[in-house]
Amino acid sequence: MNSTIKKDVEPKDVQHGIWNKETISEIDYKAGAGKHRIRGCGATRYMPTFDDLMVLPSQLSRMSLDTYREDCDTRTVLGKRTATRPLVIETPIMIAGMSYGALSKEAKIALAKATALTGTVISNGEGGLLPEELENSYRQSVQILPSRFGFSKRNIEAADMLEFLVGIGAKPGLSGHLMGNKITKEIAEFRQLPVGIDLHSHPRHGDAFGADDLVVKMEQLRELTHGEVPIFMKIAAGRVRDDVKIAVKVGVDGIILDGAQGGTGAAPVMATRHLGIPTMPALVQAVRTLEEMGVKDEVSLIVSGGVTDGADLAKVIAIGADAVAIGTGAMVAMGCRVCLRCHTGKCGFGIGTQNPEFRKRLDIDGAAERVANYIKAMTAEAVLLAKAAGKTRLKNLEREDLRSITLEACAMTGIPLVGSNYVFGERFGFES
Amino acid sequence: MEHINAADLSTSELNKKIIQGLKAGGEVSIQNPHSMHNIATGLSRPGTVTIQGSTGFYTGGFLEGSTVIIEGNAGWYVGDNMMDGELLIRKNTGCNAGTYLSGGTVVIYGSTGSRVGYGMKGGTIIVCGSVGAWAGQMTLGGKLIVLGKLGADIGESMYRGAIFVRDKDAEKKLGSNVFLDHIQAGEARELEELFKRYGIDAKSEAFQVIRPLPSGRHSYALFNPELKPELAQKMRS
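The model shown is predicted, which means the values in this text are computed figures rather than measured ones.

> I'd like to hear about the overall build of chain A, residue by residue, with values.
Of the regular secondary structure elements, chain A holds 14 helices and 16 strands. Over its C-alpha trace chain A gives a radius of gyration of 23 Å, about what one expects of a compact globule, namely 22 Å for 432 residues. Each principal axis of the C-alpha distribution contributes one length, and for chain A these read about 95 × 65 × 45 Å. The buried share of chain A, taken over its 432 residues, is 56%. Pairs at least 24 residues apart make up 66% of the contacts formed inside chain A by residues separated by at least 6 positions. Total accessible area on chain A is roughly 18,800 Å²; 53% of this is exposed by carbon and sulfur atoms.

Here is the structure:
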């Protein structure tokens, strides 16, 4: 007897291509609203990551360090090109610039306290320097943004490091954006703004139009700080080679390079998805340019955008950066679940909100400890890899300690493909 | 009065000498400025610095409390980020004068270029001559007073503050998000006092005021792209 039951089976077509649910919902939104979409957090698309690089362990060719009993130095000096008081931090992980406004006061204080627990630096972000942040931070970086909201000479005087901000990875080439529902009375006073407006701030520095003016502007900032404080320029990854050359020529002590994976409180989805280039190739291009200019040892390089763990840190340093900046990662440590709704101001964890009820939910000291633990663990992870590679200093990691596991990473970084000495693309310090 | 010859000095050396001069006597005169940049940066000592000639970029940037007089022309960004004090320019200036001003008074006795008072947050800027385009763009506070002709798009995207103008064509030159209003009695009195103090021959009644729209919400071209299908009709033979 034939037991097979004959049935008409309708094949199931699953749309993996262009017309997937996300595309359709995007079009539905635009068809209804007639405008582009704003969203928090940053890019959601796939971008190449440092996971495509592997660290080579020391075996017979070199000796590894004792993981548990021998030291690996993580102290980092930043901005020693011309500044007479360079920044010294205990671990090469800084807290990236996130504004009081995008974040709650409690979140900002927690982040500042975390820097005091770990000996590192926090950047204030747009919209002024919160006194409670300054009181609690170990070292304070102060951003000079095109908007200059809440900015004055007092901020410069308080700085251990200055960041002249040109752009951020999440929305390079765009002005700052803070949704009206986050501009409470307190934030408005702080930023010298009317309450509740959607803030679309300045796209360019009104006091430095172009590279030539910036040379003079740098001289002004040196005058103001008596040449003591390191001055960095924060640029979003785009035409990295040209921008790095200009920044060096302008006379900065260091560069903060923010890749396209960088986060933000609110940005047009178009910008997060399509503007700029990812962190890894941007870093490679920046290092290559600094080396070609012969200033690699004097100009500090900090990278940000998608840095999540100690492996990222170790690889970034091996490629040639001096430090990383973490933003989203630090928020996650405080409890953020990356729901991408920062722009609504309704963060139930009390992090990306100004709602007094939600803010009460964030335990400042608990959050500070978690961020500090995250920074310590990340440092320990990087040190673990560095020791396995035989380094007594984290900074001694070098490109020769890396290999690419994908053709894509190999072509993008100039680091040879695993199991070979082949590089598909521009070479990057490896002899053929 | 201390006299400083700036001819062979670097910016840093000159600024140090200015501070020493103010400490010694409260009045300093600078000869041969040769359009040097960054003169009197962040000067916060009481006293008067008179520059006998023209200056380059950023003169009196971050100035805080001193009086600086430029007896010639000033380059771009004069008085940028100024906090307090007085900055008097006897002739003309380049663009972006008084950018991000947060306090004090800038008086330009001649004309100025574009974007005077860009992003200013407080203080007063008086321009006796004409101004270029985008004067007072993105102003967050303070007073900008223009006696001469206006350029295009004045007060574009102001959030707060007031721009006092007496150009009869002001209505045609407004930026977006602003409107032209009558001057109030208190404002008129302030203007009269300022004119008297700085020796400016003008009457407050001739002035109108440009203010930000009270809605508090700004409209931008990006959010409402103006597509004009009627202008793209098929060519008719």
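> Go over the overall build of chain B, please, and point to the residues and values.
Each helix and strand in chain B was counted, giving two helices and eleven strands. Starting at the N terminus and walking to the C terminus, you meet the elements of chain B as β-α-β-β-β-β-β-β-β-β-β-α-β. Considering only C-alpha atoms, chain B reaches an extent of 75 × 45 × 30 Å along its principal axes. Within chain B, the proportion of its 237 residues that are buried is 59%. Here the analysis covers contacts within chain B between residues at least 6 apart in sequence; of these, 25% occur between residues at least 24 apart. Accessible surface for chain B amounts to roughly 10,300 Å². Of this, 49% is attributable to carbon and sulfur atoms. Within chain B, one finds 24 positive and 23 negative side-chain charges whose respective centroids are separated by 4 Å.

> Provide a residue-level description of the packing of aromatic side chains, including the pertinent values.
All names here are of chain B. Tallied over the entire structure, the rule returns eleven aromatic pairs over all chains. Consider the rings of phenylalanine 57 and tyrosine 58, whose centres lie 6.1 Å apart with planes at 75°: the pair is edge-to-face. Across the pair, exposure class does not vary: phenylalanine 57 and tyrosine 58 are buried alike. Measuring from ring centre to ring centre gives 4.7 Å for tyrosine 58 and tyrosine 77, while their planes differ by 10°; the resulting arrangement is stacked.

> Summarise the sheet that holds strand S3 (residues 48–52) of chain B; cite the residues concerned and give the values.
All names here are of chain B. Pairing in this open sheet of eleven strands is mixed, and the strands run S1-S2-S3-S4-S5-S6-S7-S8-S9-S11-S10 from one edge to the other. Two strands lie at the open edges of the sheet, namely strand S1 (2–5) and strand S10 (178–182), each paired on one side alone. Adjacent strand axes in the sheet meet at a mean angle of 15° when their direction is disregarded. Here strand S8 (residues 141–146) pairs with strand S9 (residues 162–165) via four bridges, running parallel. Bridging from a neighbouring strand, valine 146 pairs with valine 165 of S9. Along the sheet, helix H2 (residues 185–197) makes contact with strand S5 (84–89), strand S7 (121–127), S8, S9, S10 and strand S11 (208–212), crossing S8 at roughly 65°.

> Give me the interface of chain A and chain B: which residues, what numbers.
A common way to express how large an interface is: the accessible area buried when the components associate. With 37 residues of chain A in contact, the opposing surface of chain B contributes 34 residues. Between Lys153(A) and Glu64(B) there is a salt bridge; the shortest N-O distance is 2.8 Å. Put simply, the parts of the chain that give the side of chain A that touches chain B at least two residues each are helix H4 (153–158), strand S10 (199–200) and helix H6 (211–224) of chain A. Ranked by the residues each element gives to the side of chain A that touches chain B, the list is headed by H6(A), at seven residues.

> Describe the packing of helix H7 (residues 240–250) of chain A against helix H9 (residues 279–292) of chain A, naming the residues involved and giving the relevant values.
Residue and element names in this part refer to chain A. The N-to-C vectors of H7 and H9 enclose an angle of 45°; their axes lie 9 Å apart at closest approach. As summarised for this structure, H7 and H9 are arranged oblique, according to the angle between their axes. With respect to the hand of their crossing, H7 and H9 are arranged in right-handed fashion. Here Val240, Arg241, Val244, Lys245 and Val248 of H7 come into contact with H9, specifically with Ala282, Gln285, Ala286, Thr289, Leu290 and Glu292.

Definitions and cut-offs
Residues numbered from 1 in each chain as written. Chains lettered and ligands numbered in written order. Predicted model: local features only at pLDDT ≥ 70, side-chain atom pairs only at ≥ 80, totals over all residues. Heavy atoms only, no water. Helix = DSSP H or I, 4+ residues; strand = E, 2+ residues; numbered from the N terminus. Rg over C-alpha atoms; globule rule 2.2 N^0.38 Å. Buried < 20%, exposed > 50% of the residue type's maximum accessible area, 1.4 Å probe, protein only. Contact = heavy atoms within 4.5 Å. Areas by Shrake-Rupley, 256 points an atom, 1.4 Å probe, with all protein chains shown as cover. Lys, Arg positive; Asp, Glu negative; His and termini not counted. Charge placed at Lys NZ, Arg CZ, Asp CG, Glu CD. Phe/Tyr/Trp six-rings, centres within 6.5 Å; stacked < 30°, edge-to-face > 60°. Pairing = 2+ DSSP bridges. Axes fitted to C-alpha atoms, helices over the stretch in contact; angles between N-to-C directions. Salt bridge = Lys/Arg side-chain N within 4 Å of Asp/Glu carboxyl O. Parallel < 35°, antiparallel > 145°, perpendicular 65-115°, else oblique. Left-handed = near helix turned anticlockwise from the far one by under 90°.

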